[in-house]
Amino acid sequence: MSAVDWDERYASRERLFSGRPNEALVAEAAGLAPGQALDAGCGEGGDAIWLAERGWQVTAIDVSRVALERAAAAGAHVADRIAWSRGDLAAAPPPPGSFDLVTAHYFPILRSSGPAAVDALLAAVAPGGTLLVVGHARPAPGHEPEGFDFDAYVHPADIARRLGGGWRIEADETRERRTPPPEGAHHTHDTVLRARRESA
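Residues numbered from 1 in each chain as written. Predicted model: local features only at pLDDT ≥ 70, side-chain atom pairs only at ≥ 80, totals over all residues. Heavy atoms only, no water.

Colleague: How would you sum up the nonpolar core? Please name residues and give values.
Modeller: Residues Val 102, Leu 121, Leu 122, Leu 131, Ile 159 and Trp 167 are the most contacted members of the largest nonpolar core, which totals 24 residues. Of all the elements in the fold, those that place two or more residues in this core are strand S1 (36-40), strand S4 (99-105), helix H5 (116-124), strand S5 (125-136), helix H6 (156-162) and strand S7 (189-197). Of all the elements, H5 adds the most residues to this core, at six residues. Among all residues touching Leu 131, those that are not within four sequence positions of it are Val 102, Leu 121, Leu 122, Val 125, Ile 159, Trp 167, Leu 193, Arg 194 and Ala 195. (Core = buried A, V, L, I, M, F, W, Y, C linked by side-chain atoms within 4.5 Å. Buried < 20%, exposed > 50% of the residue type's maximum accessible area, 1.4 Å probe, protein only. Helix = DSSP H or I, 4+ residues; strand = E, 2+ residues; numbered from the N terminus. Contact = heavy atoms within 4.5 Å.)

Here you go:
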């Protein structure tokens, strides 16, 4: 989907998502010391706001202007700790080695687009920092969204296989969701990758 497509999708409803942080972020990041965080595909800002409320300085990136405007309004109370940015990681990668936490939840990366977006995510993690990537698990037979090709996208397990020396995988697993999916979705399980870049 293009930026225009995403703007239209967000504009089709008053709110597309719940505004709450994703449960995997809460589980995996609650014990981390606050620092610099990058939230890739931040949407309406639930994750970025949760991090900022806990002392993180957050760079939150999304391609949708509509989503970012909603996120900025919802996060007005922590505006000094979040930089909202409209952009495409593949076209304009963030500064390498700059973030203590790089998080991407349900961030769609097409395999056909090449490795640039994944490379940007990995490169952005500072030595000693954490990468957290969460995606939807493969739908059960009969529950695949119409017209959606699961295998056309990069998933957390694919990223885990790309991590070589200098990384320590701390979680690479499928988990049952405890919170209901958005209206109209049928996702019951997530795949979670948490990895730490070793210090130089």
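Colleague: Hey, could you go over the pairing of S1 for me, with residue numbers and the actual values?
Modeller: Here is the key point about a regular strand: its side chains alternate between the two faces of the sheet. Across the five residues that make up S1, a large majority, four, are buried. Here S1 pairs with S4 via four bridges, running parallel. Note on S4: the bridge partner recorded for Asp 39 is Thr 103. (Pairing = 2+ DSSP bridges.)

Colleague: Help me get a handle on the sheet that holds strand S2 (residues 57-62), residues and values and all.
Modeller: The strand order across the open sheet formed by seven strands is S3-S2-S1-S4-S5-S7-S6, and the pairing between neighbours is mixed. Of all strands in the sheet, those with a lone pairing partner are strand S3 (82-86) and strand S6 (167-176), marking the two edges. Between one strand and the next, the sheet's axes are offset by a mean angle of 15°, whatever the strand orientation. For S5 and S7, the ladder comprises seven bridges, and the chain directions are antiparallel. Across the sheet, the residue bridging to Val 133 is Leu 193, located in S7. Packed onto the sheet, helix H4 (residues 65-74) meets S2 and S3 and runs at close to 165° relative to S3. (Axes fitted to C-alpha atoms, helices over the stretch in contact; angles between N-to-C directions.)

Colleague: Can you tell me about the pairing of S4, naming the residues and giving the values?
Modeller: With six of its seven residues buried, S4 lies for the most part within the structure. Alignment of S4 against S5, held across six bridges, turns out to be parallel. From the neighbouring strand, Val 102 faces S5, where its bridge partner is Leu 131. You can see the chain leave S4, run along H5 and come back into S5, and the turn it takes is right-handed. (Right-handed = clockwise from strand over helix to strand, strands pointing away.)

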